[in-house]
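Chain by chain, the residues:
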Number of protein chains: 2
Amino acid sequence: MKGNFIYSNPTRLYFGDEAQKNLASALEGFGKKVLLVYGGGSIRRNGVYDDVMAALHQTGKEVVELSGVMPNPTLAKLNEGRRVARENNVDFILAVGGGSTIDYSKAVSVAAWYDGDAWDRYFVRQEDPQPGERIIPVGAVLTMAGTGSEMNGGSVITNQEAKLKIGKVFGEEVMPKFAVLNPRYTFSLPHRQMVAGIFDTMIHIMEQYFSGDDDSTSDYLAEGLMRSLIASSRVAVNDPENYEARSNIMWTATWALNTLIGKGKIQDWMVHMIGQAISAHTDATHGMTLSGVSVAYYRHVMNYGLDRFARFARVVWDIPSDGKSDSQLASEGIDALEAWIREIGAAAEISSLGVTEALIEPIADATIIFDAGYHRLDRSEVIEILRESL
Amino acid sequence: MKGNFIYSNPTRLYFGDEAQKNLASALEGFGKKVLLVYGGGSIRRNGVYDDVMAALHQTGKEVVELSGVMPNPTLAKLNEGRRVARENNVDFILAVGGGSTIDYSKAVSVAAWYDGDAWDRYFVRQEDPQPGERIIPVGAVLTMAGTGSEMNGGSVITNQEAKLKIGKVFGEEVMPKFAVLNPRYTFSLPHRQMVAGIFDTMIHIMEQYFSGDDDSTSDYLAEGLMRSLIASSRVAVNDPENYEARSNIMWTATWALNTLIGKGKIQDWMVHMIGQAISAHTDATHGMTLSGVSVAYYRHVMNYGLDRFARFARVVWDIPSDGKSDSQLASEGIDALEAWIREIGAAAEISSLGVTEALIEPIADATIIFDAGYHRLDRSEVIEILRESL
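Residues numbered from 1 in each chain as written. Chains lettered and ligands numbered in written order. Predicted model: local features only at pLDDT ≥ 70, side-chain atom pairs only at ≥ 80, totals over all residues. Heavy atoms only, no water.

A. View of the overall build of chain A. Secondary structure summary: chain A contains 15 helices and eight strands in total. Here chain A has a C-alpha radius of gyration of 20 Å; the compact-globule value for 390 residues is 21 Å, and the two agree. Expressed as lengths along the three principal axes of its C-alpha atoms, the size of chain A is roughly 65 × 45 × 45 Å. With 390 residues in all, chain A has 62% of them scored as buried. For chain A, long-range pairs separated by at least 24 residues make up 79% of all intrachain contacts whose partners lie at least 6 apart in sequence. By element, 47% of the accessible surface of chain A is carried by carbon and sulfur atoms, the whole surface being about 13500 Å². Of the charged side chains in chain A, 36 are positive and 50 negative, and the gap between their average positions amounts to 5 Å. (Helix = DSSP H or I, 4+ residues; strand = E, 2+ residues; numbered from the N terminus. Rg over C-alpha atoms; globule rule 2.2 N^0.38 Å. Buried < 20%, exposed > 50% of the residue type's maximum accessible area, 1.4 Å probe, protein only. Contact = heavy atoms within 4.5 Å. Areas by Shrake-Rupley, 256 points an atom, 1.4 Å probe, with all protein chains shown as cover. Lys, Arg positive; Asp, Glu negative; His and termini not counted. Charge placed at Lys NZ, Arg CZ, Asp CG, Glu CD.)

Shown next as structure tokens:
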């Protein structure tokens, strides 16, 4: 385990097919006025809204609703949320939905009582709220597994005007106080969204796994999570109401990105950087942008981290190593990843997401590049990767 | 992931070769009077005591020392600690040492202000402190990896008079507020104790892994931890000052028993039950009692959970499955475990720990038996296992 680090995660998880029964007691410690944040209204059709309202009423909360949070929450929507939270002086934000809704709620929680330009401060300049500043506490009821937002400080907001989608990782004070994780709440999710969430989870793990050449417990944990996810994904795509598989997927998604497997690691995140630039230009589903570019990306950087890619093939995909060179083994690992992307029905080509040749240069320009995993890309390499992903 | 459960872990971990630099700030939120608990004085020789005292002085704490905590902390010592904590009205307990010291500190924290028979209440009757009762908060500076006590609610106390060693798992309110994990603090540990800690970690994982026939993410995480531990143990036994290996071992030990990999699991713990009965009769090192009986135990229950034992062989020990029956594969997995026990120098026979034929019946009588993993033992089977382990 390299370096010095702190591990601390304050989010309390209520997991299981009766997890919502804990919601009322989870809400008790917080103030009377709750901002209920959700998306397009699917929670009204699948019963989740009713479960949540029952708990809110049971605890005598006053509820202010804020719906219509979109898949890639926008700065304009954030500004609306700030205003509503502030005008109503809410004590707590309850996010009911997937990662977008929770990401958005965190952004509202830090932006509501900040008088300046929140986008510029938190996202562009990547600052943190200072001690003493008012942050509205957030809780979550998860209806889609994938982003891990339920147990971390991450928040991604899209500035449509500037065509920028930027993520910020806030500290413990912004992380959800609790999250209700009922795998059955994910059953009614459209198939495509389930698959996007599965791939999102996989790539979160891979972004943390593909860096470093040391022996680190974090990488062994990452392998365990990947193996579990792959096994359960194969069940879930054919049988979406398989509780065992969906519960494993939900649990894996949470632990894939709650800081654990990144401890002692440098981490990569370039697939996300390219994917976020695609979303900013196309509004494509996050997880699909990542599956769309990952194979080309990993083929591109494979030779800079051959040992790790060979290990990925061997341990994660159970590919026999007998007599193969590391290079061949590594390549077979990426083949297995690609085959799995097609098998589960994630996007294998970004042209299917609306990316055209004409968009490639603007997307490359919107891609934030940094030193990360095994190789620092330059702009021309981003363009190559995008072209190979078409 | 079976069942409904809560995951919440309030312990803040400071990890790395400079982790102790966080101690002063970690102590800040707590009261002025600190009970400093430690064992036989090795921390005075290896510099840990000086680091800790520097932090205590820096924060202006008043220190009451309580040393001499033994490897299997006794009820008599607990009673001494209660008295000292109470007479000095301490605000905080800082445990500096391994699992025994931390276990002991938790017991003092709940027993100090309880007027009744703490042994009977917490250990025999397995009760919990009630809301409103005074619990003295505990923090830890870890000097030995293995028990996981630094991030859980576990506490094991031995009643020498009654020849009973009983563990109690307390809730979040008793768990350490923080733990300082500096792998270098474990470098000066005697070789035998390092090895005992490594095996203790391994068996913690196995006790949680060997139960159930469902597909659970917890088991994949367990496999990752076991693979990491095995790899690092092989480095550490030959090169105890290898920071990479010792840091992985320390991190693995913490995550092996902080509740994560037990989520959704029934768990076993029969190796511990037998091992604890041995310790109560011989005062043998905890980890060594576990290595001493585990091979015979697992051979005994293997056929009741053949799938899992075959998977253990394949995934944890990388044993090729080609053409083998599950039974053969499972058996080879236990062979690999046994070979590893000898390779790292853990106890392979309990006769080496002072167990004689004459002690077998008394130890069997002191063994607490419950429904757990793949098979419920009866007394005659415990005797068989003990005899095979001699």
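B. Local environment of the relation of the copies chain B and chain A. Its rotation angle being 180°, the transformation that places chain B on chain A also includes 0.0 Å of axial translation and leaves an RMSD of 0.0 Å. On the angle and the small slide along the axis, the relation comes out as a two-fold axis. Most of the interface of chain B is mirrored in chain A, where 100% of its interface residues again form contacts. (Least-squares fit on C-alpha atoms with pLDDT ≥ 70 in both.)

C. Highlighting the pattern of salt bridges. Inspection of the entire model under this criterion finds 54 salt bridges over all chains. Where A:Arg12 meets B:Glu172, a salt bridge forms, and the shortest distance between an N and an O atom there is 2.6 Å. With A:Arg12 in strand S1 (residues 5-15) and B:Glu172 in the loop between strand S7 (164-169) and strand S8 (178-181), this residue pair bridges two chains. Its relative accessible area of 27% is what places B:Glu172 among the partly exposed residues. Across the salt bridge formed by B:Arg44 and B:Glu65, the nearest N and O atoms sit 3.4 Å from each other. With B:Arg44 in helix H2 (residues 42-45) and B:Glu65 in strand S3 (residues 62-66), this pair connects stretches of sequence that are 21 residues apart. When its relative accessible area of 33% is taken as the criterion, B:Glu65 is described as partly exposed. The network of salt bridges with common partners includes A:Asp120, A:Arg121, A:Arg125, A:Glu127 and A:Glu133. (Salt bridge = Lys/Arg side-chain N within 4 Å of Asp/Glu carboxyl O.)

D. Summary view of the interface of chain B and chain A. Facing 42 residues of chain B, the contacting portion of chain A comprises 42 residues. Taking both partners together, chain B and chain A bury about 3500 Å²; carbon and sulfur atoms supply 54% of that area. Linking chain B with chain A are 28 residue pairs in polar contact (both at pLDDT 80 or more), by the criterion used here. Only strand S1 (5-15), helix H8 (217-236) and helix H9 (243-256) of chain B provide two or more residues apiece to the side of chain B that touches chain A. In terms of residue count, the dominant contributor to the side of chain B that touches chain A is S1(B) (10 residues). A per-class count over the side of chain B that touches chain A returns 18 nonpolar, 15 polar and nine charged. Here S1(A) pairs with S1(B) via seven bridges, running antiparallel. Residue pairing for S1(B): A:Tyr14 is matched across the bridge by B:Ile6. (Buried area = accessible area lost by both parts, 1.4 Å probe. Polar contact = N/O pair within 3.5 Å; in protein donor to acceptor, adjacent residues only side chain to side chain. Nonpolar A, V, L, I, M, F, W, Y, C, P; charged D, E, K, R; others polar. Pairing = 2+ DSSP bridges.)

E. Main features of the side chain of B:Ser232. For B:Ser232, the location among the structural elements is in helix H8. Using a relative accessible area of 1% as the deciding quantity, one classes B:Ser232 as buried. Within the structure, B:Ser232 has its side chain in polar contact with the side chain of B:Asn248 (distance 3.2 Å). Residues contacting B:Ser232, with those up to four places away along its chain left out, are A:Asp215, B:Ala245, B:Asn248 and B:Ile249.

F. Structural context of H9(B). Residue and element names in this part refer to chain B. Its 14 residues place the ends of H9 19 Å apart at the C-alpha level, agreeing with the 20 Å of an ideal helix rising 1.5 Å per residue. Along H9, 13 of the 14 residues are buried, which leaves the element largely enclosed by surrounding structure. Where H9 starts, the residue carrying a side-chain oxygen 3.2 Å from the main-chain nitrogen of Glu244 turns out to be Asn242. (Expected span 1.5 Å × (residues − 1).)

G. Here's a closer look at the sheet that holds strand S3 (residues 62-66) of chain A. An order of S3(A)-S2(A)-S4(A)-S5(A)-S8(A)-S1(A)-S1(B)-S8(B)-S5(B)-S4(B)-S2(B)-S3(B) is seen for the 12 strands of this open sheet, with the pairing classed as mixed. In this open sheet, the two edge strands, each paired with only one partner strand, are S3 of chain A together with S3 of chain B. Strand-to-strand twist of the sheet, defined as the mean angle between neighbouring strand axes without regard to direction, takes the value 25°. Across four bridges, S1(B) lies against S8(B) in parallel orientation. (Axes fitted to C-alpha atoms, helices over the stretch in contact; angles between N-to-C directions.)

H. Seen up close, the packing of aromatic side chains. In total, this model carries 51 aromatic pairs over all chains according to the counting rule given. Between A:Trp255 and B:Tyr7, the aromatic rings sit 5.0 Å apart at their centres with planes inclined by 90°, giving edge-to-face as the arrangement. Of this pair, A:Trp255 sits in helix H9 (residues 243-256) while B:Tyr7 sits in strand S1, on two different chains. The residues A:Trp255 and B:Tyr7 share a single accessibility class, namely buried. For the pair B:Phe199 and B:Trp340, a centre-to-centre distance of 6.1 Å together with 35° between the ring planes defines the contact as tilted. With a gap of 141 residues between them, B:Phe199 in helix H7 (residues 191-209) and B:Trp340 in helix H13 (residues 326-344) connect regions that are remote in the sequence. (Phe/Tyr/Trp six-rings, centres within 6.5 Å; stacked < 30°, edge-to-face > 60°.)

I. Structural view of the confidence of the model for chain A. Of all residues in chain A, 100% attain a pLDDT of 70 or more, and the chain-wide mean is 96. This complex was scored by the predictor with a pTM of 0.97 and an ipTM of 0.97. (pLDDT = per-residue confidence, 0-100.)

J. Broad picture of helix H13 (residues 326-344) of chain A. Residues and elements named next belong to chain A. Its 19 residues place the ends of H13 27 Å apart at the C-alpha level, agreeing with the 27 Å of an ideal helix rising 1.5 Å per residue. What H13 keeps buried is the set Leu329, Ala330, Gly333, Ile334, Ala336, Leu337, Trp340, Ile341 and Ile344. When H13 is viewed along its axis, its buried side chains cluster within an angular range of 150° and face the same direction. Of the surrounding secondary structure, the elements contacted by the buried residues of H13 are helix H7 (191-209), helix H8 (217-236), helix H11 (286-301) and helix H12 (306-316). Looking one or two residues past H13, Gly345 carries a phi angle of roughly 85°, positive in sign. (Arc of directions from axis to C-beta.)

K. Quick look at the packing of H7(B) against H8(B). All names here are of chain B. Running from amino to carboxyl end, H7 crosses H8 at an angle of 165°, the nearest separation of the two axes being 10 Å. By the angle between their directions, the pair H7 and H8 is classed as roughly antiparallel. Like other packed secondary-structure pairs, H7 and H8 cross with a definite hand, here left-handed. Residues Met194, Ile198, Thr201, Met202, Ile205, Met206, Gln208 and Tyr209 of H7 form the contact with H8, whose own contacting residues are Asp219, Ala222, Glu223, Leu225, Met226, Leu229, Ile230, Ser233 and Ala236. Looking at the contact of H7 with H8, its residues break down into 12 nonpolar, three polar and two charged. (Parallel < 35°, antiparallel > 145°, perpendicular 65-115°, else oblique. Left-handed = near helix turned anticlockwise from the far one by under 90°.)

L. A look at unusual backbone geometry. A positive phi is found at A:Asp283, a non-glycine position, where the angle reads about 60°. Positionally, A:Asp283 belongs in the loop between helix H10 (270-282) and H11. With a phi angle near 50°, B:Lys163 is a residue other than glycine that sits in the positive phi range. Secondary-structure assignment places B:Lys163 in the loop between strand S6 (154-159) and S7.

M. Quick peek at a negative patch on the surface. Taken together, the side chains of A:Asp213, A:Asp307, A:Asp326 and B:Glu244 define an acidic patch exposed on the protein surface. Summarising the element assignment, B:Glu244 is placed in helix H9. (Patch = residues over 30% accessible without salt bridge, like charges linked within 9 Å, V, L, I, M, F, W, Y side chains within 5 Å.)

N. Region of interest: the environment of B:Asp365. Tracing the chain through its elements places B:Asp365 in helix H14 (residues 357-366). Here the alpha-carbon distance between B:Asp365 and B:Val382, two residues 17 residues apart in the chain, equals 9.2 Å.

O. Examining the pairing of strand S5 (residues 138-142) of chain B more closely. Residue and element names in this part refer to chain B. Of all five residues that make up S5, five are buried, and the element is covered over most of its length. Here S5 shows no split at all, with Val138, Ala140 and Leu142 on one side and Gly139 and Val141 on the other all buried. Relative to S5, strand S4 (residues 92-97) runs parallel, the two being bridged by five bridges. Across the sheet, the residue bridging to Ile93 is Val138, located in S5.

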